[in-house]
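Close look at the chain arrangement
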Amino acid sequence: MDYTAEYQKKLTTAEEAVKVVKSGDWVDYGFCATHPVALDKALAKWIEENDLHDVNFRGGVAMFQPEVTKLPDAINRITWNSWHASGIERKLIPQGFGFYIPMRFSELPHYYRKDIRHLNVAMLQVAPMDKHGFFNFGLSATYVTAVCECADIIIVEVNQNMPVCFGGNSASVHLDKVDMVVESDNTPMPELGTSKSSDIDEAVAKLIVPVIPNGACLQLGIGGMPNAVGAMIARSDLKDLGVHTEMYVDSFVDMSLAGKINGRFKNIDKGLQVFGFGAGSQKLYDFVDRNPSVRAASVGYVNNIGTVSSIDNFTSINNAIELDLFGQVVSETVGVRHISGSGGQQDFVMGAYLSHGGKSIICCSSTVKAKDGTVSSRIRPTITPGGVVTVTRTNIHYLCTEYGIVNLKGSSTWQRAEAIISVAHPDFRDELIRNAEKMHIWRRSNRR
């Protein structure tokens, strides 16, 4: 069937398309690289010129500041609700119109289908329509199919530069379900700068890589430490690795090009690198584009604990902001100040541990330096007041800093306090021991 005529009927300008938005509406921008550009710009103008108010947006991991958040008097015109705050979105929260939506990433499609159930308008950036009438979601399959199921109106913004990532029904929407098509200015996809690995990142990576076996399946979080692990794997003797990760980052491309990844031992999706969304450099976008060895899928599948645990030797590596002597991990906030989000950390921490031969590794530097130069320990007696626990003490498996890697599963409170303090910075260990004694989680016979 030729869909050209139907495409032309639905083709319009961004300025015309955004006129469907009214005060009080909920508008969904999708996730990360699917955030619209031309529609966002036109909608900001439409809101201001027509004095709209209380327009509610959902998005996440914004790679550029949405124009709607730059509106004069934005606090009275919009709310920006983020599933996972990037550095850009983090800055909107103190301004009074940016908010975080607590979640487990694996459940996000269910949130739309079972709890949200309705939204007014979905505006999504997509790849050009194929001959079968499908628009590919490109770098973000995540939960976008569920968004389309709930939306009264679906508007797609076509960008020639959006990579096509194979993945079946969860990675695309058909023209029949689309209400309006807008052809963008084909702006280049925004690139995510790669964090430069520090000496501490390298030291942590040197401890983690030896515990990864040949044939392991990897999930890496974002940041300098996971990047350092990926770079070290690319230079290592490891082989036959697999990939099953919520976020696809440049490190996986480096490992692929170094011949480390083939997925031959994966129990499911054998030979495929599976991910929920991707962001990185143009190198990544070129690599995933129409690559039959790469599959984009819904986080309802990718992050599902049952899916993860069914893959042998699953190794999950994620960052933390701080943790306490009980093993509670904070990865979202510093006190009440919001930083990022829970993402899929809970999903992969639990799924990797349940995998046959699996390991879940939380890594962080032992200390952090404030802007005034003050150095403090990331390992604290108790969580900073107001801090949000991402990984509970019952779920943490391995902890790694530049001073060592320890397994906390099956340990009593005094055993884990001893293990955690053993990988703290030496300058803070005596203080941590004193606090552990006060909290009755330190034995006199413990090593000092």
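The following refers to the structure shown.

What counts and what doesn't
- Residues numbered from 1 in each chain as written.
- Predicted model: local features only at pLDDT ≥ 70, side-chain atom pairs only at ≥ 80, totals over all residues.
- Heavy atoms only, no water.
- Helix = DSSP H or I, 4+ residues; strand = E, 2+ residues; numbered from the N terminus.
- Rg over C-alpha atoms; globule rule 2.2 N^0.38 Å.
- Contact = heavy atoms within 4.5 Å.
- Buried < 20%, exposed > 50% of the residue type's maximum accessible area, 1.4 Å probe, protein only.
- Pairing = 2+ DSSP bridges.
- Patch = residues over 30% accessible without salt bridge, like charges linked within 9 Å, V, L, I, M, F, W, Y side chains within 5 Å.
- Areas by Shrake-Rupley, 256 points an atom, 1.4 Å probe, with all protein chains shown as cover.
- Salt bridge = Lys/Arg side-chain N within 4 Å of Asp/Glu carboxyl O.
- Lys, Arg positive; Asp, Glu negative; His and termini not counted.
- Charge placed at Lys NZ, Arg CZ, Asp CG, Glu CD.
- Expected span 1.5 Å × (residues − 1).
- Core = buried A, V, L, I, M, F, W, Y, C linked by side-chain atoms within 4.5 Å.
- Axes fitted to C-alpha atoms, helices over the stretch in contact; angles between N-to-C directions.
- Phe/Tyr/Trp six-rings, centres within 6.5 Å; stacked < 30°, edge-to-face > 60°.
- Lys NZ or Arg CZ within 6 Å of the ring centre and 35° of its normal.

Moving on, we get to the overall build of the protein chain. When you go through the protein chain residue by residue, the secondary structure sums to 16 helices and 25 strands. Here the C-alpha radius of gyration of the protein chain, 23 Å, is about what a compact globule of 448 residues would show, namely 22 Å. Each principal axis of the C-alpha atoms in the protein chain carries an extent, and together these give about 80 × 50 × 35 Å. For the protein chain, the share of sequence-separated contacts (at least 6 apart) that also reach a separation of at least 24 residues comes to 74%.

Our next topic: the pairing of strand S8 (residues 151-158). With six of its eight residues buried, S8 lies for the most part within the structure. Two strands pair when backbone bridges link them, and S8 and strand S10 (residues 180-183) are joined in this way by four bridges, in the parallel orientation. Opposite Val-156, over in S10, you have Val-181 as the bridge partner.

Quick look at a positive patch on the surface now. A contiguous patch of positive charge, built from Arg-90, Lys-91, Arg-337 and Lys-371, is present on the exposed surface. Note that Arg-90 resides in helix H5 (residues 87-90). Here Arg-90 falls in the partly exposed class, since its relative accessible area comes to 31%.

For the rest of this paragraph, the subject is unusual backbone geometry. Positioned with a positive phi, Asp-51 is a non-glycine residue whose angle comes to about 50 degrees. Positive phi, close to 65 degrees, is recorded for His-440, a residue that is not glycine. Along the chain, His-440 falls in the segment after helix H16 (426-438).

Further remarks concern helix H3 (residues 38-49). Taking 1.5 Å as the rise per residue, H3 with twelve residues should run 16 Å; its terminal C-alpha atoms sit 17 Å apart, in good agreement. When H3 is considered as a whole, its buried residues turn out to be Ala-38, Leu-39, Asp-40, Ala-42, Leu-43, Ala-44, Trp-46 and Ile-47. A positive phi of about 50 degrees marks Asp-51, the residue just after H3.

Sheet strands pair via backbone hydrogen bonds, and the direction of the pair is either parallel or antiparallel. Spatially, S1-S10-S8-S6-S2-S3-S4-S5 is the arrangement adopted by the eight strands of the open sheet, whose pairing is parallel. The open sheet has two edge strands, strand S1 (11-12) and strand S5 (98-100), and neither has a second partner. Where strand S6 (residues 119-126) and S8 come together, seven bridges link them in parallel fashion. Across the sheet, the residue bridging to Leu-124 is Val-156, located in S8.

A few words now on the nonpolar core. If you look at the biggest cluster of nonpolar residues, it comprises 81 residues, and the most contacted ones within it are Phe-135 and Ile-212. Top element by residues in this core is helix H9 (residues 224-235). It accounts for six residues. By size, the runner-up hydrophobic cluster in this structure holds 28 residues, among which are Ala-14, Ala-38, Leu-52 and Trp-80.

In this section: the sheet that holds strand S14 (residues 294-296). Strand order in the open sheet formed by eight strands is S14-S13-S12-S11-S15-S20-S24-S25, and the pairing between neighbours is mixed. The outermost strands of the open sheet, each flanked by one partner alone, are S14 and strand S25 (404-407). Between one strand axis and the next, the sheet turns through 20 degrees on average, direction left out of account. Where strand S12 (residues 242-248) lies against strand S13 (residues 273-278), five bridges are found, and the strand directions are parallel.

The next thing to look at is the pairing of S25. Only one face of S25 is buried, namely the one carrying Gly-404 and Val-406, since none of Ile-405 and Asn-407 on the opposite face is buried. One ladder, built from four bridges, connects strand S24 (residues 398-401) with S25; its direction is antiparallel. Along S25, the bridge assignment pairs Leu-399 with Val-406. Between S24 and S25, which pair antiparallel one after the other, the connecting turn spans two residues.

To continue, consider the environment of Gly-24. Structurally, Gly-24 is set in the loop between helix H2 (14-17) and strand S2 (26-28). For Gly-24, a relative accessible area of 38% puts it in the partly exposed group. Taking the C-alpha atoms as reference points, Gly-24 and Asn-120, separated by 96 residues in sequence, lie 9.6 Å from one another. Excluding residues that lie within four positions of it along the chain, Gly-24 makes contacts with His-53, Asp-54, Val-55 and Asn-56.

Under the counting rule described, the total for this entry stands at 15 aromatic pairs. Pairing Tyr-7 with Phe-135 gives two aromatic rings, centres 6.2 Å apart and planes at 25 degrees, and the pair type is stacked. With Tyr-7 in helix H1 (residues 4-10) and Phe-135 in strand S7 (residues 134-136), the pair connects residues that are 128 residues apart, well separated along the chain. Judged by relative accessible area, Tyr-7 falls into the buried class, the value being 10%. A ring pair is formed by Trp-83 and Tyr-143, whose centres lie 6.4 Å apart and whose planes are at 65 degrees; its orientation type is edge-to-face. Of the two residues, Trp-83 sits in the loop between strand S4 (78-82) and H5 while Tyr-143 sits in the loop between S7 and helix H7 (144-150), which places them 60 residues apart along the sequence. For the pair formed by Trp-83 and Tyr-143, the shared burial category is buried. Here the basic side chain of Arg-429 rests over the ring of Tyr-403, its NZ or CZ set 5.6 Å away from the ring centre.

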